[in-house]
Amino acid sequence: MDAVAERSGTPVDMVADLLKAKQVPTIDIVGAPHRLRVKRLAFTGKKAGVSSEDIDFNQTFGDGLWAFVTEKNDRGKTSVMEIMMWALRGQPKRLQDDVRSWLHTVTLEGTVDASPFTVHFDLVGGVPGGSLTHGGESQPFSSDAAFADTMSMFMMEKLGFDTFPQWVNNRGISIHGWPLYSTVLYLPRESQNAVIGDTTKAGLAQRLVQLFIGVRWARTRISSQAALKAAQSEHGERAERIQVIQDTADGILEHRRQELADATAEIAALPSDLPTDEEIEQAREEWLGLISRHADVENELREARRDAREADREATRQQKILDDFTEAALARKLFQGLNPVRCPRCTAAIDEHRREAEKRDHLCALCNRQLNLELDAEIEGADVGNGDIDETRTAEELEQLINEAREAAADEQARVAELEAQAESLAVETDAAKGRIDEHNNKLAVINRRRELEAQVAAIQIVIEDLGNLAVDAPTPVSTDSDVEDRIRILEAAAGEAKQRVDTAFAEVMGLINQEIFDLARRFGLENLQEVRLNLAAQLRLKKGDVEDTFSKQTPGEKLRLRIAVIVALLRVAHNLGIGRHPGLLLIDSIGAEETEPSDLAAFMRELGSVTNQLGIQTIVASARPEVSEHVAENRCIIARGEEYLW
C-alpha cells in the first residue's frame, strides 16, 4: 500500500480504504499446491440405436501414468475422459448427447491431499441427481446448475483457489472460478487453438499460466486491473451522460416549449360550444327514460288492442244471438199461420174436433200443445244459437246487451287510438333524444382531443420545469470531479505497481520455461524451431527458419506437440523452483491423433512418463495409437483391441 500511495500521491489510509472496497489484495499469499487424484470411475447405462448393449464401466486408478488405448477410433475413449471431467467439474462440456442419454449412473471416487470424496449421481432424462460426499458430509444436488455449484464450491475450497474478476467490455465485471480452473486438468483434442486450457482470451489464459507457475502478485494485478477498468468505464459513462445533458438541454427545452405552444393553439382552435360531462349524462338519462316510457306505452297499447278485439267479438256475438232469436220467432209465426189437414209424420187426417180446440183454446191440432202467437212472447224450449240464448230474456233485453257490447267496443277503440297517439309522440321524442345523443357523440372526439391536449400541456409544463432545474443544477464537468479522479489515480497506481511486480517475478522464471519448451518441442520433432517465447497471456511466439511465427498458424500436429511441450515445461519448472498451484491431475485426449510420427509419439510418452514420475502427479491419456501402450505399465493400460469398445 505504501508503494501505491507513493505512486498515486495520496494518503495511505485512502489507498487502504479504496483497495479494500474494491476487493484488491494488498498482501501476496502464495499457497502450497493441493493434489487432486481420481481413484475410481464407474458408470452404467444402456446403449440405444444400432447397439442396445448394457453399459457397465468400472475402473480404478492410482498415481503415475495411465492410458486408455483403442485400435480404432470411436471406441469410447473420449467419452470416458468427458464423463470423468463431468464428475470433477460438475457440468459436461463436450460429452455427446447420445452418450449422455444412455447413462443411468455415474460414480467418481477421488482424493484431495489424501482426503477422500465421492461423487455419485443418477440420470433421469439426462438430468443429474445425486450427492457429493466428503468428510462425513453429504451435499445433495438435483439439477445441472446445482451439481455445478456443488462441485465448484468444493473444489475451490479444497484446492485453495480464489475467484477472480475480469472486466468485459459492455458487460462489466465477470467473476471466474472452478469452470475456468478445471480446464488446466484436461487437454481435449477440440481445443487446439488454445495453448493452455481451452480459452484464447488473454485475461483468462493469463490466470491459467499463473496457476501453473504461481507468479507472485498475480491476484493483485488481475483484481486491480478489473477494478480500474470498471472505474474508468463508470467514469466515462457518467461523463458522457453529463455531457449529453449539457449539450442538449437547450435543444430539449426549445422542443418542449414548441410542443406546449402547439398544444395551446390547438386547444384555442377547438369549438367553444362543446357539451359538458353533466349535459352529456343528462341527455343520456333522458333518452333512456323515453325508451322506457315508450316501451311501457307499447305494452299497454298491445293490451288495449287485445281488449278492443275482445269487445268487438262480444258485440258480434250478442248481435248473432238477437238475429237467431228473431229468426226463430218469425219461423214460429210462420208455422202458426199454417192449417195442416194431415200429420206430416204419419199422414193421418186431422179431425174437426182438434181444429175447433185449436181455435178455441189455442191448442195445436197436431200435438195438442199451447200456441204462442206473439213475436215478443217468451221462448218456450227453443234451442237457438247453440245454447247461447237465455230462454227467459225478451228481445228488448237482447237489444240492450247488444248496445252495451257496442259501447264497450267503442270505448276500447278510443283507448287504442289514444295509446297509439301517445306511442307515436314518444317515438318522436325518443328519436329527438337519440339525435341529441348522436350529436354529443359526434362532438365526443373533439372533447377527448381537448382532454388529451390539456393533459399534454400539464405534462409538458412539468418536463419544462424539471429540465430548467436540471440545467441550473447540472453537475460540474468531470474534469473537476476530484473524488473520481483520485479513485482512478489510486487504481492506476495499484495496477501499475502490481504489473511491475508480476513482470519481475515472471521474468525470473520465463527464461527457464521457454528453454524447457524449446528443448521439448525439438525432441517432439519440431526440428526447424529456433526460438519460443511464452508470455504471461499464454501467447506463444515462435521462430522457425528465421521467420517469426505464431502458435495459431501451426499445423494440428505441430499444435499438439507444442501444447504438450508447454504443459510439461510449466509443470517441470514450477516443481523445480517450488512454485505453482497446479492440482497434479492431467488428462490428455487423442494423443497421437494428428500427423505424429512414431518416434515423436514415443518422445511424448517418455516425457509424460518422466514428468509424471518426477512431479508425483497423475496423468491419464487416451489414444487410438496402439503403440502408446508400450510406454505405459501393463496394469495401468486399459486396451480395447480390434472392434472392441472400452465400455
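Note: the structure precedes this text.
Residues numbered from 1 in each chain as written. Predicted model: local features only at pLDDT ≥ 70, side-chain atom pairs only at ≥ 80, totals over all residues. Heavy atoms only, no water.

Undergrad: Which residues make up the packing of helix α3 (residues 77–89) against helix α5 (residues 144–158), and what are the values?
TA: For the pair α3 and α5, interaxial distance at closest approach is 7 Å and the crossing angle is 75 degrees. Taken together, the axes of α3 and α5 are roughly perpendicular relative to one another. Contact residues: α3 offers Trp86, Ala87, Leu88 and Arg89, while α5 offers Phe147, Ala148, Met151 and Met155. Of the residues belonging to the contact of α3 with α5, the class tally is 7 nonpolar, no polar and 1 charged. (Axes fitted to C-alpha atoms, helices over the stretch in contact; angles between N-to-C directions. Helix = DSSP H or I, 4+ residues; strand = E, 2+ residues; numbered from the N terminus. Parallel < 35°, antiparallel > 145°, perpendicular 65-115°, else oblique. Contact = heavy atoms within 4.5 Å. Nonpolar A, V, L, I, M, F, W, Y, C, P; charged D, E, K, R; others polar.)

Undergrad: An account of the pairing of strand β4 (residues 103–112) is requested, with residue identities and associated values reported.
TA: Counting buried residues along β4, 7 of its 10 residues qualify, which places the element largely inside the surrounding structure. Looking at chain direction, strand β1 (residues 36–46) and β4 are connected through 9 bridges and run antiparallel. Of the residues in β4, the one forming a bridge with Val38 is Gly110. Bridge analysis of β4 against strand β5 (residues 115–124) gives 8 bridges, and the strand direction is antiparallel. Its bridge partner being in β5, Val112 is matched across the sheet by Ser115. Taken together, β4 and the strand that follows it, β5, pair antiparallel across an intervening segment of 2 residues, in which Asp113 is found at a positive phi of about 55 degrees. (Buried < 20%, exposed > 50% of the residue type's maximum accessible area, 1.4 Å probe, protein only. Pairing = 2+ DSSP bridges.)

Undergrad: Before we move on, can you summarise the pairing of strand β2 (residues 54–60) with the specific residues and values?
TA: Along β2, the buried face is formed by Ile55, Phe57 and Gln59; none of Asp54, Asp56, Asn58 and Thr60, which line the opposite face, is buried. Taken together, the 7 bridges between β1 and β2 define a ladder with antiparallel strand orientation. Note that in β2 the partner of Ala42 across the bridge is Asn58.

Undergrad: Go over the sheet that holds strand β11 (residues 529–534) with me, naming the residues and quoting the values.
TA: In spatial order, the strands read β11-β12-β13; together these 3 strands make up an open sheet with antiparallel pairing. With one partner strand each, in any of the chains shown, β11 and β13 (547–550) form the two edges of the open sheet. Between one strand axis and the next, the sheet turns through 25 degrees on average, direction left out of account. Taken strand by strand, helix α13 (residues 556–577) contacts β11 and β12 (540–544), and its axis lies near 120 degrees from that of β12.

Undergrad: Quick rundown of the side chain of Arg89? Include the residues and the values.
TA: For Arg89, the location among the structural elements is in helix α3. Of the side chains with opposite charge, Glu82 comes closest to the buried, unpaired Arg89, at an N-O distance of 5.2 Å. A polar contact of 3.3 Å, which involves the side chain of Arg89, links it to the side chain of Ser182. (Lys, Arg positive; Asp, Glu negative; His and termini not counted. Salt bridge = Lys/Arg side-chain N within 4 Å of Asp/Glu carboxyl O. Polar contact = N/O pair within 3.5 Å; in protein donor to acceptor, adjacent residues only side chain to side chain.)

Undergrad: Before we move on, could you go through unusual backbone geometry and cite the residues and values that matter?
TA: Unlike most non-glycine residues, Asp74 shows phi in positive territory, near 60 degrees. In this structure, Asp74 sits in the loop between β3 (64–70) and α3. If you check the backbone angles, Asp546 has positive phi at about 65 degrees while not being a glycine. Residue position: Asp546 is located in the loop between β12 and β13. Judged by its relative accessible area of 59%, Asp546 falls in the exposed class.

Undergrad: For helix α2 (residues 12–21), give the residues involved together with the corresponding values.
TA: Each full turn of the α-helix corresponds to 3.6 residues, which orients residues three or four apart in the same direction. Buried within α2 are the following residues: Val15, Leu18 and Leu19. Axial view of α2: buried residues confined to an arc of 95 degrees, hence all on one face. Turned more than 90 degrees away from the buried face of α2 sit Asp13, Asp17, Lys20 and Ala21, all of them exposed. Backbone geometry just downstream of α2 places Gln23 in the positive-phi region, at approximately 60 degrees. (Arc of directions from axis to C-beta.)

Undergrad: Before we move on, could you go through the pattern of salt bridges and cite the residues and values that matter?
TA: Inspection of every chain in the model, using the stated rule, returns 31 salt bridges. Two residues, Arg449 and Glu266, come together in a salt bridge whose shortest N-O distance is 2.8 Å. Linking Arg449 in helix α11 (residues 395–472) with Glu266 in helix α8 (residues 218–269), this pair joins segments that are 183 residues apart in sequence. Residue classification places Arg449 among the partly exposed residues on the basis of a relative accessible area of 30%. A salt bridge links Glu548 to Arg533; its shortest N-O distance comes to 3.0 Å. Taken together, the residues span a long stretch of sequence, with Glu548 in strand β13 and Arg533 in strand β11 at a distance of 15 residues.

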